[in-house]
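Topology and contacts: notes
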Amino acid sequence: MGNLTRHDMKKYISRPPQRISLLAKLTIMTAVLITGTLLVLGLFFYQLLGDSLEEQMGERALSMSRTVSEIPELQEEMGSDSPSAEAVQALISPLHEASEAEFIVVGDTEEIRYSHPNPDRLGERMVGEDNERALALGESYISQAEGSLGPSIRGKTPLISDGEIVGVVSVGFLMDDVRSVVGPYRNELLLTLALITAFGAGGAWLLSRYIKRRLFQLEPEEISYLLLQKETMLQSAYEGIIAVNREGKITLMNRAAQKLVKGEEEASAWIGRPIQEVLPLSRLPEVLETGVAQYDEEMAFGANVVLVNRVPMYDGDKLIGAVSTFRNKTEIEKLSNELARVREYAEGLRAQTHEFSNKLHTISGLLQLEEIEKAKRYIKEESVNQKNWIRRLIHNVKDPMLSAILLGKLNLAHENGVKLEIDESSHLAEELPENVRQALITAVGNIIDNAIEAMQELPRGERLIEVYFSDAGQDVLIEVEDVGPGIPETMEQSLFEQGVSSKSGEGRGFGLALSKAQVEACGGTIFAENTDEGTCFVVTIPKQRRKLHG
């Protein structure tokens, strides 16, 4: 599975069997769409061509009927009292033979034929019942009717002699002749449509192949399954995940990341926003610029410290974005601190055991020298000293966790040759809320650790830390003062910023930043100043979170 490719991924996707692949579906659907569109267009153009030819034939028939109706000899013959069919037939026959019309028929006002392509039908009544407009209204027009020769397109013109309508001229083309003209065009049109359909089907197949390839040969059901699976994994992941595109705009953010940035909006509200707007300290733009991944870097998110991985995304050789994952180091730190406190207790007990062992040896020596009174005084003094500072913590600090951290730091300071003194007037009369307790433990622990480390260059007898604490008012106040080298001027304004430290080495500059974030999250303040003898840190936190007004 380590070398699993996208192509092999299909074998591991649970899905119902598919009868028709996406390639076949796209090809068939596109081909059907193209064929259907071309068929509709072909029928439309075929009908348009037929209508156009019929209109042209009708205009041609009407024009010929008007020309024939204007022949003087015909007007004179039909206007006489006894027109002769033979005379009219003799006039019309040469014209009919010279034209391409199927028939030229001349009839009187009673619609009796005086000329016809078939001489046997002379004297019979005209067929079609479409002469009324010409005979009654004197109009010239085009009509379609079924005559003795079959369905035809006709041009009708009244025959006028001396201002009176004496008959009608009908010139016609059979509909079969029109279809015979349209036929060759229809065949060419069908052949053209068939060729276009063939090219369209080929293009549809190529397009389907391209789409299938871009989808990593996956079927739609497989894609929807993977999308659902990915979304479920992203939203259930304990780590925060943020993805950005090439322009540095957020394209994805899961719930864990949303909690870390303290956003109250829906995750969709973050999509499309620049990453620098949401996380000003983010280095994702740097990854987008260099294309180089960054792993396990520490970064502050409000009151949390997280471990960040940033990885560029590539499509082939093209950089298309980057993904950042966050692991909440604060929770890990809490567990580590718990373990550290246990270790401090153990170290304290070890130190006390070692110290008492030395004292027992001293007492043993005094007894062997028979210095009984000196041994008694020594035991009494040590007992009083031991009881005093333990009793001071037990009685003056009601919160057992804070008392424990101070006890651990007393032992740590003693181990490192530092004298840690707690002001006799210090007291904490109440147990603290969990968030206040954690903030104070983090702040006091980091400040004392820094003070112990800062005084390692001093002689052992000069190393001193003084601690004072009180909850007399509405706030818990803690002061920690040391006799170390003080805060460098270059760091006075940035002492509590992430990554700022006077000590060299990796993993530095997070203790005070985390302390400040947790203290401020409880509504408190933390600041430091140089004194005549060293450095003084002051921490104040309300016992209960104040409500903000206005």
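This report concerns the structure included in the present document. All values derive from a computational prediction rather than experimental measurement.

1. Examining the overall build of the protein
If you tally the helices and strands in the protein, you get 15 helices and 15 strands. A buried classification covers 38% of the 550 residues belonging to the protein. Long-range pairs, those at least 24 residues apart, make up 57% of the contacts in the protein with a sequence separation of at least 6.

2. Description of the pairing of strand S11 (residues 419-422)
Here S11 shows one buried face, formed by Leu420 and Ile422, and one open face, formed by Lys419 and Glu421. Here 4 bridges tie S11 to strand S12 (residues 464-470), and the two strands are oriented parallel to one another. Among the inter-strand pairings, Ile422 is bridged to a residue of S12, identified as Val467. With helix H14 (residues 434-454) bridging S11 and the parallel S12, this β-α-β connection has left-handed handedness.

3. A few points about the sheet that holds strand S2 (residues 113-115)
One open sheet accounts for 5 strands, arranged S2-S1-S5-S4-S3; its pairing is antiparallel. Pairing within the sheet leaves two strands with one partner each, and these edge strands are S2 and strand S3 (141-147). Each strand of the sheet is rotated relative to its neighbour by a mean of 35°, with strand direction disregarded. Taken together, the 10 bridges between strand S4 (residues 150-161) and strand S5 (residues 164-174) define a ladder with antiparallel strand orientation. From the neighbouring strand, Thr157 faces S5, where its bridge partner is Val169.

4. Digging into a nonpolar patch on the surface
Taken together, the side chains of Leu41, Phe44, Phe45 and Leu48 present a nonpolar region at the surface, about 390 Å² in accessible area. Take Leu41: it is sitting in helix H2 (residues 22-69).

5. Some thoughts on the environment of Leu281
Within the secondary structure, Leu281 sits in the loop between helix H9 (275-278) and helix H10 (284-290). Sequence separation of Leu281 and Ala300 is 19 residues, and the distance between their C-alpha atoms is 8.7 Å.

6. Observations concerning the nonpolar core
By size, the foremost hydrophobic cluster in this structure holds 40 residues, and its most contacted members are Leu440, Ile448, Ile465 and Val539. Of all the elements in the fold, those that place two or more residues in this core are helix H13 (400-415), S11, H14, S12, strand S13 (475-482), helix H15 (511-521) and strand S15 (535-542).

7. Overview of H15
Taken together, the buried positions of H15 are Leu512, Ala513, Leu514, Ser515, Ala517, Gln518 and Val519. Gly523, located one to two residues past H15, shows a positive phi value of around 85°.

8. Some thoughts on the pairing of strand S1 (residues 103-108)
Most of S1 sits out of view: 6 of its 6 residues are buried. The two faces of S1 match: Phe103, Val105 and Gly107 on one face and Ile104, Val106 and Asp108 on the other face are all buried. Bridge count between S1 and S5: 6 bridges; the pairing is antiparallel. From the neighbouring strand, Asp108 faces S5, where its bridge partner is Gly167. Where S1 and S2 come together, 2 bridges link them in antiparallel fashion. Each residue of the ladder has a partner; that of Gly107, found in S2, is Arg113. Connecting the antiparallel pair S1 and S2 is a turn made up of 4 residues, with Glu111 showing a positive phi of about 65°.

9. Thoughts on the sheet that holds S11
As summarised here, the arrangement of the 5 strands in space is S11-S12-S13-S15-S14, forming an open sheet in which the pairing is mixed. Sheet topology places S11 and strand S14 (525-530) at the edges, where each strand pairs with a single neighbour. Sheet twist, expressed as the mean angle between neighbouring strand axes with direction ignored, is 15°.

10. Observations concerning the pattern of salt bridges
Inspection of every chain in the model, using the stated rule, returns 16 salt bridges. Where Arg273 meets Glu277, a salt bridge forms, and the shortest distance between an N and an O atom there is 3.1 Å. Residue Arg273 is classed as partly exposed on the basis of its relative accessible area of 22%. A salt bridge links Asp449 to Lys409; the shortest N-O distance between them is 2.7 Å. Separated by 40 residues along the polypeptide, Asp449 in helix H14 and Lys409 in helix H13 bring together distant segments of the chain. Overall, the relative accessible area of 3% leaves Lys409 in the buried class. Several salt bridges converge on common partners, so that one network encompasses Arg283, Glu286, Glu297 and Arg310.

11. Some remarks on empty space enclosed by the protein
Counted under the stated rule, the structure contains 3 cavities of 30 Å³ or more. The calculated volume of the largest cavity comes to roughly 120 Å³. Forming the boundary of the largest cavity are 13 residues, of which Phe103, Val105, Val127, Ser148 and Arg154 lie nearest the centre. Of the residues contributing to the lining of the largest cavity, the split by class is 5 nonpolar, 5 polar and 3 charged.

12. So, unusual backbone geometry
Note: most residues except glycine have negative phi, and most peptide bonds are trans. Phi at Asp162 is positive, roughly 50°, even though this residue is not glycine. Its location among the elements puts Asp162 in the loop between S4 and S5. If you check the backbone angles, Asp296 has positive phi at about 50° while not being a glycine. With a relative accessible area of 46%, Asp296 lands in the partly exposed category.

13. Re the side chain of Gln294
Inspection of the secondary structure assignment puts Gln294 in strand S8 (residues 294-301). At 3.1 Å, the side chain of Gln294 forms a polar contact with the side chain of Glu286. Residues contacting Gln294, with those up to four places away along its chain left out, are Arg283, Glu286, Val287, Val308, Asn309 and Arg310.

Definitions and limits used
Residues numbered from 1 in each chain as written. Predicted model: local features only at pLDDT ≥ 70, side-chain atom pairs only at ≥ 80, totals over all residues. Heavy atoms only, no water. Helix = DSSP H or I, 4+ residues; strand = E, 2+ residues; numbered from the N terminus. Buried < 20%, exposed > 50% of the residue type's maximum accessible area, 1.4 Å probe, protein only. Contact = heavy atoms within 4.5 Å. Pairing = 2+ DSSP bridges. Right-handed = clockwise from strand over helix to strand, strands pointing away. Axes fitted to C-alpha atoms, helices over the stretch in contact; angles between N-to-C directions. Patch = residues over 30% accessible without salt bridge, like charges linked within 9 Å, V, L, I, M, F, W, Y side chains within 5 Å. Areas by Shrake-Rupley, 256 points an atom, 1.4 Å probe, with all protein chains shown as cover. Salt bridge = Lys/Arg side-chain N within 4 Å of Asp/Glu carboxyl O. Core = buried A, V, L, I, M, F, W, Y, C linked by side-chain atoms within 4.5 Å. 1 Å grid on protein atoms, 1.4 Å probe; cavity = no way out; pocket = protein on both sides within 12 Å on 5 of 7 lines; lining within 4 Å. Points joined across faces, edges and corners; volume = space filled by probe spheres on them. Nonpolar A, V, L, I, M, F, W, Y, C, P; charged D, E, K, R; others polar. Polar contact = N/O pair within 3.5 Å; in protein donor to acceptor, adjacent residues only side chain to side chain.

Function-wise, these values are silent; they only describe arrangement.
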